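Observations on chain architecture
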Amino acid sequence: MECFSFNKLLFLLILSVAISPCMLEDVGSYIIHMDKSAMPMAFSTHHDWYKSTLSSISSPDKQTSLPSHLYTYHHVLDGFSAVLSKAHLDQLEKMPGHLATFPDSFGKLHTTRSPKFLGLEKYGGAWPEGKFREDMIIGILDTGVWPESESFVDKGMGSVPKRWRGSSRDFHGHGTHTSSTAAGSLVRGANYFGYAKGTATGISPKARLAMYKVIFLADLRGEEAAAASDTLAGMDQAIADGVDLMSLSLGFEETTFEQNPVAVGAFSAMEKGIFVSCSAGNSGPEAYTMFNGAPWITTVGAGTIDRDYAADVKLGNGVLTFRGKSFYPENVLISNVSIYFGHGNRSKELCEYGALYPEDVAGKIVFCDIPESGLIQTYEVGRVEAAGAISSADSKNFLWPRYFNMPYVAVNPRDGDLVKDYIIKSENPVVDIKFQITVLGAKPAPQVAGFSSRGPGSRAPMILKPDVLAPGVNILSAWAPNRGIQPIRDEYLLTDYALLSGTSMASPHVVGVAALLKAANPDWSPAAIRSAMMTTAFQQDNSHGQIMDMNTGVGGTPLDFGAGHVSPNMAMDPGLIYDIEPQDYINFLCGLNYTRKQIKIITWRSRFSCDRANLDLNYPSFMVLLNNNTNATSYTFKRVLTNVENTKSVYQASVRQPSGMKVTVIPSIVSFTGKYSKAEFNMKVEINLGDAHYIGDYGYLIWREINGTHFVRSPIVSAMAPYIRA
């Protein structure tokens, strides 16, 4: 694919710049926005104009290389990217037609049973209604794909659509994982070293995949990142190729939208009817950590599923038996092995570095009494040649598979106390451990992952983000088989399928659901698809309680999980939707007090009016921002509902409101004459801050179909406004 060769060139160029200290201070890559109306008539294409503009720039001395053109953008913005010195940039910014220049930046990665957990079934619901649609093309912007994986076998699929373009090679694994999550074929017997064994399949298994490689090794430390110029080029090419949907499991620093490459590219995609799903980021659990918060993007947080990974532990002659957490990848036999605990020496109890002695623990299982906020030092246990370890671990501590590089089991603090008591009181304490156990139906699930970024967003906090929650913890999907992933002692094991966690894993679930919805409803806009997912999302876990925040162990809020956890089958039949037109987003940008230049960069428009500037988008959620200067506040929202059923219908509003929040809906009953008929309503939300420490609360507006089955639910959230940087 053409995009791949250009990206590879840019990667080598950036790397060479990073290696050369004499160039670091002066040369960099830039994204240049141009006013296409200023193109001289002598040029037949904008590309020729941009190349000519660069060639006309002079270098101040022979040591400075000439400007180097990287990409010309055709669909995401008017302009190009190039490698320039400071002297070159100074000249370029004075030339006719120059609009704005931004330094290239780097975005970071936001890094089965999940279809079953989502309720997808072969003979009922979203899969047959979406017809497993093989004519849908999902564009994934990531590290590439491993096309030989069984997850990408196209047996039983129809002829390749003419508008489909091929894929670029993955040498990392992340892109193979995200793409197979979205649209992987059915693979029986998939597993991760004996864990999660079963049938793996993507959310939309008959959809086509188009991979756009935008993530490379960014520096000499080996960290993967996406350059803004590459990301824009990938989105530009995806739009040109005619993809139906896009998913980006990466994020850039939250700037104003015209400086954010994902926000700029996604606006152009949205205007062409392309649904764009993005990861919310892995910067939780703190508030105001949201990435990809532009309102024309569907932003996805990460939750757990009802599958867990374990080892069974038996102490003594069956005196105590319990189950702990483990991902240890070998089916080793640990039977009647001595177990050690450094009772009386706190450093040894904690397994602190340098505290243990080989003569005490070699060949034994070591119990480590890890405090609530700590993690086991497996290096210390390995250093003294112990056979393995058991540790207490609070549920708030997220345990990654890579922690289990030796025979290791993490147990809850209560069971940990029982282990300590057994060892202390026994003359010859011994233990049996059985690994590679997969637990199905684990409760409670889903939970909001501790790492999942939380709202409100920092750039448009009046829009609730994330939009929805989706599976993003220990998701089994395809992997690049030449990339080691699971550490064991001093090595890394290879695998065809890997368990990964992150909002990176959540976004492809949602884009897969969106592909099913778009296939069943080809005339729905990206906003309509998002609305269907949001208003039908669920807020209760499989224990019939509020979806929990893994970090706190108590019920989460819409600032953690948005409208709720996505439910594909329910989203297929939403009853009503909240739709949004491109002009509405322009009015929103005007309401944010964006300058004409900022709006032009995002929207490509030279002619637009801010006469209808408005921060109240027709969004399927409601956000009231508070400040510390008043004891009470109120806001009136205006919304338009669209009926997407083929029949007449009548809905009545009901409100769930917490103490301190008063909600009034006018009218409280709305009628629809048929499909795509509309009805307007106003909703006034009054907040009494009362307590000086009030930080926010939430309720719900529910439109219930009279003599029908549809429930259209939207969260109503009040929260303290963040400080918005310029």
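On a plain count of helices and strands, the protein comes out with 19 helices and 38 strands. Expressed as a percentage of the 726 residues in the protein, the buried residues total 60%. Total accessible area computed for the protein in this model is approximately 29300 Å², and 51% of it derives from carbon and sulfur atoms.

A separate point is the sheet that holds strand E35 (residues 669-672). The mixed open sheet is built from five strands, whose spatial order is E31-E38-E37-E33-E35. Of all the strands in the sheet, just strand E31 (622-626) and E35 have a single pairing partner and so form its edges. Across the sheet, the mean angle from the axis of one strand to that of its neighbour is 20 degrees, orientation sign disregarded. As paired elements, strand E33 (residues 649-656) and strand E37 (residues 696-705) share six bridges and run antiparallel to each other. In the sheet register, arginine 656 faces E37, and the bridge partner there is tyrosine 700.

The bond known as a disulfide is covalent and runs between the sulfur atoms of two cysteines. Within the structure shown, the criterion is met by two disulfides. Note on cysteine connectivity: cysteine 351 is disulfide-linked to cysteine 368, with sulfurs 2.0 Å apart. Looking down the S-S bond of the cysteine 351 and cysteine 368 bridge, the torsion is -90 degrees, so its handedness is left-handed. Of this pair, cysteine 351 sits in the loop between helix H10 (346-349) and helix H11 (358-361) while cysteine 368 sits in strand E19 (residues 365-368), placing them 17 residues apart in sequence. Assigned by exposure class, cysteine 351 and cysteine 368 land together as buried. Across the disulfide from cysteine 590 sits cysteine 610; the S-S distance is 1.9 Å. Taking the sign of the S-S torsion, about -70 degrees here, the bridge from cysteine 590 to cysteine 610 comes out left-handed. Linking cysteine 590 in helix H18 (residues 582-591) with cysteine 610 in the loop between helix H19 (596-603) and E31, this pair joins segments that are 20 residues apart in sequence. Each bonded cysteine of the protein is numbered by sequence order, and under that numbering the disulfide pairs are 1-2, 3-4.

Before going further, it helps to examine the pattern of salt bridges. In the structure shown here, the tally under the stated rule is 21 salt bridges. Note that arginine 346 and glutamate 349 form a salt bridge whose closest N and O atoms lie 2.8 Å from each other. Here arginine 346 pairs with glutamate 349, and both are found in helix H10, just three residues apart, close to one helical turn. Look at arginine 346 and you get partly exposed, because its relative accessible area is 40%. The exposure class assigned to glutamate 349 is buried, which follows from its relative accessible area of 11%.

Side-chain alternation along strand E36 (residues 678-688) places Ala679, Phe681, Met683, Val685 and Ile687 on a buried face and Lys678, Glu680, Asn682, Lys684, Glu686 and Asn688 on a face that remains uncovered. Bridge analysis of strand E32 (residues 632-643) against E36 gives 11 bridges, and the strand direction is antiparallel. In the strand pairing of E36, phenylalanine 637 is matched with methionine 683. In this sheet, E36 lies alongside strand E34 (residues 661-666) in antiparallel orientation, the contact comprising six bridges. Among the inter-strand pairings, valine 665 is bridged to a residue of E36, identified as methionine 683.

In this structure, Ile138, Met246, Leu248, Phe257, Trp296 and Met533 are the most contacted members of the largest nonpolar core, which totals 102 residues. The leading source of residues in this core is helix H14 (residues 503-520), at nine residues. When sequence neighbours within four positions are dropped, the list of residues in contact with methionine 246 reads Gly139, Leu141, Met235, Ala238, Ile239, Ala269, Ile274, Phe275, Val276, Ser277 and Val511. Formed by 60 residues, the second largest nonpolar core is a distinct cluster that contains Leu356, Val384, Tyr422 and Phe435.

The step from glycine 455 to proline 456 runs through a cis peptide bond, and the omega angle for that step is -5 degrees. Counting through the fold element by element, proline 456 comes out in the loop between strand E23 (447-448) and strand E24 (468-471). In this structure, alanine 196 takes a positive phi of about 60 degrees despite not being glycine. By relative accessible area, alanine 196 is classed as buried at 4%. Backbone geometry at arginine 489 places phi at a positive 55 degrees, although glycine is not the residue there. You can see arginine 489 is positioned in the loop between strand E26 (486-488) and strand E27 (491-493).

The next point concerns the sheet that holds strand E30 (residues 576-577). Ordered by their spatial adjacency, four strands build an open sheet running E30-E32-E36-E34, and the pairing between neighbours is antiparallel. At either margin of the open sheet sits one strand with a lone partner, and together these are E30 and E34.

Here we take up the pairing of strand E1 (residues 27-34). When you tally the buried positions in E1, you get eight out of eight residues, the bulk of the element. Of the two faces of E1, both are covered, the one formed by Val27, Ser29, Ile31 and His33 as well as the one formed by Gly28, Tyr30, Ile32 and Met34. Bridge count for E1 against strand E3 (residues 79-85) is seven bridges, and the pairing is antiparallel. Along E3, the bridge assignment pairs tyrosine 30 with alanine 82. With five bridges connecting them, E1 and strand E4 (residues 98-103) associate as antiparallel partners. Within E4, the residue paired with histidine 33 across the bridge is alanine 100.

To continue, consider the confidence of the model for the protein. Across the protein, the average pLDDT comes to 90, with 89% of residues at or above 70. Considering only residues more than four positions removed or in separate chains, one finds that residues 1-25, a stretch of pLDDT under 50, has 35 contacts.

Another aspect to go through is the packing of helix H9 (residues 261-271) against H18. Two quantities define a packed helix pair, namely the angle between the helix axes and the distance between the axes. With their axes 10 Å apart at the nearest point, H9 and H18 run at an angle of 145 degrees to one another. Judged by residue contacts, Phe267, Met270 and Glu271 of H9 engage Pro582, Tyr585 and Ile586 from H18. Here the contact of H9 with H18 is composed, by residue class, of five nonpolar, no polar and one charged.

It is worth spelling out the packing of aromatic side chains at this point. Tallying each qualifying case throughout the model produces 23 aromatic pairs. The rings of Tyr195, Tyr309, Phe327, Phe404 and Tyr408 are connected pair by pair, giving a single aromatic cluster. Here arginine 713 stacks its cationic end above the ring of tyrosine 700, 5.8 Å away from the centre of that ring.

With that settled, consider the environment of phenylalanine 257. Relative to the elements of secondary structure, phenylalanine 257 occurs in the loop between strand E13 (250-251) and H9. With 342 residues separating them along the chain, phenylalanine 257 and isoleucine 599 place their C-alpha atoms 9.0 Å apart. Discounting residues that sit within four places of it in the chain, phenylalanine 257 has contacts with Ala263, Val264, Gly293, Ala294, Pro295, Trp296, Arg459, Ala460, Leu589, Leu592, Tyr594 and Ile602.

Conventions adopted
Chains are numbered independently. Their residues run from 1 in the order of the written sequence. Per-residue local features are limited, in this predicted model, to residues with pLDDT of at least 70; the limit for side-chain atom pairs, both in listing and counting, is 80 or more; totals at the level of whole chains, interfaces and linings are taken over all residues. Excluded from the side-chain calculations are hydrogens and water; all other atoms, namely the structure's heavy atoms, are used. Helix and strand definitions follow DSSP, with helices as H or I runs of at least four residues and strands as E runs of at least two, each counted in order from the N terminus. Using a 1.4 Å probe on the protein chains alone, a residue whose accessible area is under 20% of its type maximum counts as buried, one over 50% counts as exposed, and one in between counts as partly exposed. Under the convention used here, a 1.4 Å probe and the Shrake-Rupley method define accessible areas, while residue burial counts only the protein chains that appear. The pairing criterion for strands is at least two bridges between them, as found by DSSP. Axis lines are fitted through C-alpha atoms, for helices just across the contact stretch, and the angle between N-to-C directions can take any value from 0 to 180 degrees. Put simply, a disulfide is two cysteine sulfurs that come within 2.5 Å. By salt bridge we mean one thing: a side-chain nitrogen of Lys or Arg within 4 Å of a carboxyl oxygen of Asp or Glu. Nine residue types can take part in a nonpolar core, namely buried Ala, Val, Leu, Ile, Met, Phe, Trp, Tyr and Cys, and a core is a set of them joined through side-chain atoms within 4.5 Å. Any two residues whose heavy atoms approach within 4.5 Å at even a single point are treated as in contact. Each residue carries a pLDDT score, the predictor's own confidence in it, on a scale running from 0 to 100. We call Asp, Glu, Lys and Arg charged. Ala, Val, Leu, Ile, Met, Phe, Trp, Tyr, Cys and Pro are nonpolar, and the rest, Gly among them, are polar. Ring pairs shown here join Phe, Tyr and Trp side chains whose ring centres sit within 6.5 Å, with only the six-membered ring taken for Trp; geometry is labelled stacked below 30 degrees between planes, edge-to-face above 60, and tilted in between. Our definition puts a charge over a ring when NZ of Lys or CZ of Arg is within 6 Å of the ring centre and also within 35 degrees of the ring normal.

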